[in-house]
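Coordinate inspection notes
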Amino acid sequence: MNVARTLAVVAVGALLTTTAAAGVATAGAHGTVLNPAFVSEAIEQEDGYEAIRNATLSAVEESVPASAGTTEVDAGAVVAEAVDRQYVRNQTEANVDRLYAYLHGERADPGLTVDTRPVKDDVAAAVAGEVANASLATLVAESGTELRDPVNVTLLERMTSGPAGYEAARATVRDEARERVLDAAVDRALGNASDDRLLSLAIDDYDPDDYSEAEKERLVAEHEDEIRTALRQYLSEERSDEIDARVDEELDAVRADYAGRTAEDPVENASLAIQATVAAGLTTDMDYGTFRERLDADRERLGEAVGDRAEQRLDAELPDRLDLTREMGAGTTQRLEDARTAVTWLDRLPFVLPVVAALLLGLLYYVTRSVPTVLGTVGAALVAGSLPPYLALGFVRDRAAAALGGADATSRLAIGLVERTLAHVGAVSLAFTAAGVLLAAAWLALRYDLHEKLGGGGSNEPRIA
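First, a word on what this report is: a plain description of the structure on this page. (Residues numbered from 1 in each chain as written. Predicted model: local features only at pLDDT ≥ 70, side-chain atom pairs only at ≥ 80, totals over all residues. Heavy atoms only, no water.)

1. Observations concerning the overall build of the chain
Under the convention used in this document: Labels follow the DSSP assignment, with helices taken as runs of H or I lasting at least four residues and strands as runs of E lasting at least two, numbered in each case from the N terminus. Relative accessible area decides the class of each residue, using a 1.4 Å probe on protein chains only: under 20% of the type maximum gives buried, over 50% gives exposed, and in between gives partly exposed. Any two residues whose heavy atoms approach within 4.5 Å at even a single point are treated as in contact. Shrake-Rupley sampling with a 1.4 Å probe provides the accessible areas, and residues are treated as covered by the protein chains on show and by no other component.
Per the secondary structure count, the chain includes 21 helices and 2 strands. Here the chain holds 465 residues, and 36% of them are scored as buried. Counting contacts in the chain only where the partners sit at least 6 residues apart, residues at least 24 apart contribute 74% of the total. Surface summary for the chain: the accessible area is close to 24,700 Å², and the carbon and sulfur share equals 54%.

2. Observations regarding the nonpolar core
To keep things clear, this is the line we draw: By nonpolar core we mean a set of buried residues, namely Ala, Val, Leu, Ile, Met, Phe, Trp, Tyr and Cys, connected to one another through side-chain atoms within 4.5 Å.
If you look at the biggest cluster of nonpolar residues, it comprises 65 residues, and the most contacted ones within it are Val-83, Val-123, Met-159, Leu-231, Phe-291 and Leu-302. No other element matches the 10 residues that helix α9 (residues 163-192) contributes to this core.

3. Some points on a nonpolar patch on the surface
The line we're drawing: Patches were defined on residues exceeding 30% relative accessible area and lacking a salt bridge, with like-charge contacts within 9 Å and nonpolar side-chain contacts (Val, Leu, Ile, Met, Phe, Trp, Tyr) within 5 Å. Counted as salt bridges are all cases of a side-chain nitrogen of Lys or Arg within 4 Å of a carboxyl oxygen of Asp or Glu.
A surface patch of nonpolar side chains, about 350 Å² in accessible area, is lined by Leu-387, Tyr-390, Leu-391 and Leu-430. Per element, the largest residue contribution to the nonpolar patch is 3 residues, and it comes from helix α18 (residues 371-391). Within the fold, Leu-391 resides in helix α18.

4. Some details on a negative patch on the surface
Rule in force here: Lys and Arg are tallied as positive, Asp and Glu as negative. Neither His nor the chain termini are counted. Where a charge sits is defined by one atom per residue type, namely NZ (Lys), CZ (Arg), CG (Asp) or CD (Glu).
A cluster of acidic residues, Glu-81, Asp-84, Asp-121 and Asp-122, forms a negative patch on the protein surface. In this structure Asp-121 comes out as partly exposed when scored by relative accessible area, which is 44%.

5. Let's talk about the side chain of Asp-298
You can see Asp-298 is positioned in helix α15 (residues 288-317). In this structure, Asp-298 is in contact with Ala-273, Ile-274 and Thr-277, ignoring residues within four places of it in sequence.

6. A word on helix α11 (residues 213-222)
Operational definition: In this description, the arc belongs to the directions extending from the helix axis to the C-beta atoms.
Within α11, the full set of buried residues consists of Lys-216, Leu-219 and Val-220. End-on view of α11: buried residues confined to an arc of 100 degrees, all on one side of the axis. Pointing more than 90 degrees away from the buried face of α11 are the exposed residues Ala-214, Glu-217 and Ala-221. On its buried side, α11 packs onto α10 (195-202) and α12 (224-238).

7. Description of the pattern of salt bridges
In total, this model carries 16 salt bridges according to the counting rule given. Here Asp-115 and Arg-117 are joined by a salt bridge, their closest N and O atoms 3.0 Å apart. One salt-bridge network, in which partners are shared between bridges, spans Glu-179, Asp-183 and Arg-232.

8. What about the environment of Arg-89?
Turning to its location among the elements, Arg-89 is positioned in helix α5 (residues 85-103). By relative accessible area, Arg-89 is classed as partly exposed at 21%. Residues Arg-89 and Ser-40, 49 residues apart in the sequence, show an inter-C-alpha distance of 8.7 Å. Excluding residues that lie within four positions of it along the chain, Arg-89 makes contacts with Glu-44 and Tyr-49.

Here it is in structure tokens:
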């Protein structure tokens with residue numbers, strides 16, 4: 001082989017080496033970072049959806065009302081229930097598909113968006129559910145409007161504990177109302193009755209002529225407790241119907257007070273309806289079954305109103321679709337455009353490289369007119385173009401880990417994606433290297449007639465290329 005031919009073989013071999021290296025990069029890229037299925041699988045296996053979910057939780061949780069107006073809302077809990085793993089998977093996979101369609105020139109923009117409508121619907125339902133499941137005591141205690149004394153949290157809990165507790169609570173309220181009415185009646189009698197009438201209740205065989213007016217006033221003051229006790233007993237026994245009527249009037253006033261309250265705000269109005277039902281249960285002859293039926297209906301309306309309020313707030317603060325593309329900075333947008341240009345060329349390489357390789361092989365054969373030389377040159381080019389990248393993978397992996405290192409989930413996901421990509425590139429490199437070794441072995445076999453020697457014949461002289 002003359003010098004010119006040798007130089008031509010070296011030049012073509014160098015071009016084949018470059019083509020082999022480009023082939024490794026192209027095959028590796030199309031099997032990993034340019035393959036949306038690979039990316040989605042890597043995110044799944046590297047638990048990347050959890051990192052994406054945490055970021056989504058932070059964004060959405062800020063828009064959930066901390067209070068439903070009647071009971072505190074655990075924003076973290078309701079958002080965590082709405083933003084589940086399946087939702088994150090669906091949103092991520094949709095964005096990956098749109099991004100790759102953009103990179104491959106199938107759409108004009110990346111279209112990176114997050115559909116928040118499922119989250120808003122689920123959050124509103126969860127908020128409504130928390131309110132609907134809250135205890136009556138919690139709803140009333142946090143409503144901002146309290147029932148009149150002596151109603152308290154313990155009494156409200158008894159009302160919903162069952163028929164016996166309900167009747168006991170009603171009896172407690174009525175007994176307390178009766179005590180207040182009797183106290184007021186005793187005060188009125190004590191102020192209106194004459195000293196002689198009052199003293200006759202406390203002193204046996206009282207004779208008004210035995211005392212002066214000054215002594216009577218002193219005796220009334222001294223025996224006030226006995227007089228009050230006697231008056232209470234007298235009023236309870238002799239004026240029982242009148243006392244009961246006044247108790248009914250007081251309870252009716254409480255019921256009417258709550259029944260007449262309304263508000264324009266749906267949540268406040270539903271809360272007032274619950275309190276009106278409670279007041280009616282305590283102050284009328286409403287049975288426990290009717291009370292529970294009305295209370296459950298009121299609570300359901302309150303839950304719906306609170307859910308609507310949460311959804312309205314989410315609608316105001318969180319659009320139905322978050323446009324991530326619009327929120328990207330100019331630098332990120334430019335990098336995506338540069339990546340799109342690079343991907344466009346990478347998409348062409350699977351068609352261009354085989355053509356280039358075929359032309360180089362034809363040129364090589366034309367120059368050498370030797371099949372063994374073609375096999376040996378191609379084998380050497382494959383090994384030279386694929387083995388160095390494989391040997392450099394460890395260095396690249398370490399540098400990437402150092403650059404992306406961190407304890408957060410996002411860093412772990414990025415490192416995982418890099419490691420999986422490099423592993424795939426390594427497998428492709430080894431495949432190219434193995435092919436090169438086989439071709440080089442074929443060249444040796446032809447050059448030294450090993451196939452004939454193994455068969456028992458042939459010369460020991462190497463074949464002239």
